[in-house]
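Structural overview for review
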Amino acid sequence: MAEIAVRTASVLHNKHIAPNVFRLEVEGSFRAKPGQFYMLRSWRHDPLLFRPMSVFDRTEESLSFLCATRGRGTDLLSRLSAGDGLTLLGPLGNGWERIDERIALIGGGTGIAPLYYTAKYFAAKDRSAAIDIYLGFRGRPFLQEEFAQVAQRVYRSSESGEGGEEGLITEIFNPSGYDTCYACGPPAMLAALSKVCQGAGIPLFVSLEERIACGIGACLGCAVRTRKGMKRVCKDGPVFRAEEVFFDG
Ligand SMILES: Cc1cc2nc3c(=O)[nH]c(=O)nc-3n(C[C@H](O)[C@H](O)[C@H](O)COP(=O)(O)OP(=O)(O)OC[C@H]3O[C@@H](n4cnc5c(N)ncnc54)[C@H](O)[C@@H]3O)c2cc1C
Ligand code: FES
C-alpha cells in the first residue's frame, strides 16, 4: 500500500475539454493504483474541505485529473492556471484489482475518469490483457483519441445522440465474453450493470461516489450500508464488489 502524503504541486496545464469539464495536470512523481483518488485543494478556508478526484492519468512526471464543475470547490479548481499551487492528499482508497484477461471498463459521466489510467496500467502490466472500454456521455463525447490508445475497443453512447450511439451505455454493454467488469458512474447505471452482470455470472466491481470529508477513514462521514456491514467509501472503497452494494440506498 502506497504511503499517504500531503504535497503541494505546481499546475502544468488546466484544459477545458468539454462544457464544464476540465483536465487538471500537476507536476511531480506521484504514486497511484488504478481506481485510487486524491483529495485536492487550491484554496485557504472556503470551502472547508478538500475535494476528492480519481486519478485520470499518471506518468513519472505528472498526475492528472478529469473534473466536472459542480459547486464552489470544482469551480475554483477549474480556474487554476499553469504555475498555480495545488495541495494533494493521497493516494487514497483501495483501487481496482486486476483479476482476469478479458476486461470491460464501463464509465458514465465523470465516472469515465478512472478508466483511462486503469486501462493503461493493466495493459502495461500484462500485454495479453484484452481491454474494452464503454463510455456513456450526456452530450458530445470527448477524449476519444486518448481512450482509443489504451483499449482494444472503445464503445460510446450519448444521451443527446451527438457523436455517438444515441442512448445509455447500459443499452450497448453486454457482459458476455468478459472475465471481469469494472464500472464507475451514476448509481442508476451501476445498479443496471450489477443486474446484467449478476444475470450473466460475470464479476463486477463498482466505484462508489459519496460525499467525502476526511478521506482517510477517520470520520465515518462517507459510510454506506453494504451486505458486509457499514463500509467507508474513502477507505474500504471506493471500489466494492457489486453484489455487496445496496444500490437502492
Ligand atoms: C472517490 C471519489 C472520486 C471522485 N472522482 C471524481 C472525478 O474523477 N471527477 C469528477 O469530476 N468528480 C469526481 N468526484 C466527485 C467530486 O468529488 C465532487 O463533484 C466534488 O467534490 C464537488 O465539489 P464542489 O465543491 O464543486 O461541489 P459542492 O458545492 O460540494 O456540491 C455541488 C453539488 O454536487 C453534489 N455532490 C458533491 N459531491 C458529490 C459526490 N461525491 N457525490 C455525489 N454528489 C456530490 C452536491 O450534493 C451538490 O448538489 C469523486 C468523488 C469521490 C467520492
Ligand atoms: S470521509 Fe471520513 S471516513 Fe470517509
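Quick caveat: nothing in here was measured; it's all calculated off a predicted structure. (Residues numbered from 1 in each chain as written. Chains lettered and ligands numbered in written order. Predicted model: local features only at pLDDT ≥ 70, side-chain atom pairs only at ≥ 80, totals over all residues. Heavy atoms only, no water.)

1. Considerations on the domain arrangement of the protein
Here the protein is described as being made up of domain 1 (5–92) and domain 2 (102–207). Of note, the centres of domain 1 and domain 2, computed from C-alpha atoms alone, are 23 Å apart. In this complex, domain 1 contributes 17 residues to the contact, which on the side of domain 2 involves 13 residues. Counting the surface lost from both domain 1 and domain 2, the interface buries some 1,300 Å², and carbon and sulfur atoms represent 70% of this. (Domains from an automatic or database assignment. Contact = heavy atoms within 4.5 Å. Buried area = accessible area lost by both parts, 1.4 Å probe.)

2. So, the site of ligand 1
Close contacts around ligand 1 come from 19 residues, with Arg 51, Pro 52, Ala 68, Thr 74 and Arg 211 the closest. Measuring from an oxygen atom of ligand 1, one finds a side-chain N or O atom of Arg 51 at 2.7 Å. Ser 54 places a polar side-chain atom, nitrogen or oxygen, 3.0 Å from a nitrogen atom of ligand 1. Sorting the residues of the shell around ligand 1 by element identifies β4 (51–54), β6 (62–68) and α1 (72–78) as the ones contributing at least two each. Top contributing element to the shell around ligand 1 by residue count: β4, with four residues. Its residues assigned to classes, the shell around ligand 1 comprises eight nonpolar, five polar and six charged. (Near = heavy atom within 4 Å. Polar contact = N/O pair within 3.5 Å; in protein donor to acceptor, adjacent residues only side chain to side chain. Helix = DSSP H or I, 4+ residues; strand = E, 2+ residues; numbered from the N terminus. Nonpolar A, V, L, I, M, F, W, Y, C, P; charged D, E, K, R; others polar.)

3. Regarding the nonpolar core
By size, the foremost hydrophobic cluster in this structure holds 28 residues, and its most contacted members are Ile 106, Phe 173, Cys 181, Leu 204 and Leu 208. Every element with two or more residues in this core is listed here: β3 (37–41), β7 (85–92), β8 (102–108), β12 (180–184), α5 (187–200) and β13 (204–207). Here the element with the most residues in this core is α5; it accounts for four residues. Of the domains in this structure, domain 1 (5–92) and domain 2 (102–207) are the two that each give at least three residues to this core. Not counting residues up to four positions away in its chain, the partners in contact with Ile 106 are Leu 115, Tyr 134, Ile 169, Phe 173, Cys 181, Tyr 182, Ala 183, Cys 184, Met 189 and Leu 193. (Core = buried A, V, L, I, M, F, W, Y, C linked by side-chain atoms within 4.5 Å. Buried < 20%, exposed > 50% of the residue type's maximum accessible area, 1.4 Å probe, protein only.)

4. Looking at the pairing of β3
Burial runs high along β3: five of the five residues are buried. Burial of the side chains of β3 extends over both faces: Phe 37, Met 39 and Arg 41 are buried on one face and Tyr 38 and Leu 40 on the other. Bridge count for β3 against β4 is four bridges, and the pairing is antiparallel. Residue pairing in the sheet places Leu 40 in a bridge with Arg 51 of β4. In this structure, β3 lies alongside β7, joined through four bridges in antiparallel fashion. Bridge pairing in β7 links Arg 41 to Thr 87. (Pairing = 2+ DSSP bridges.)

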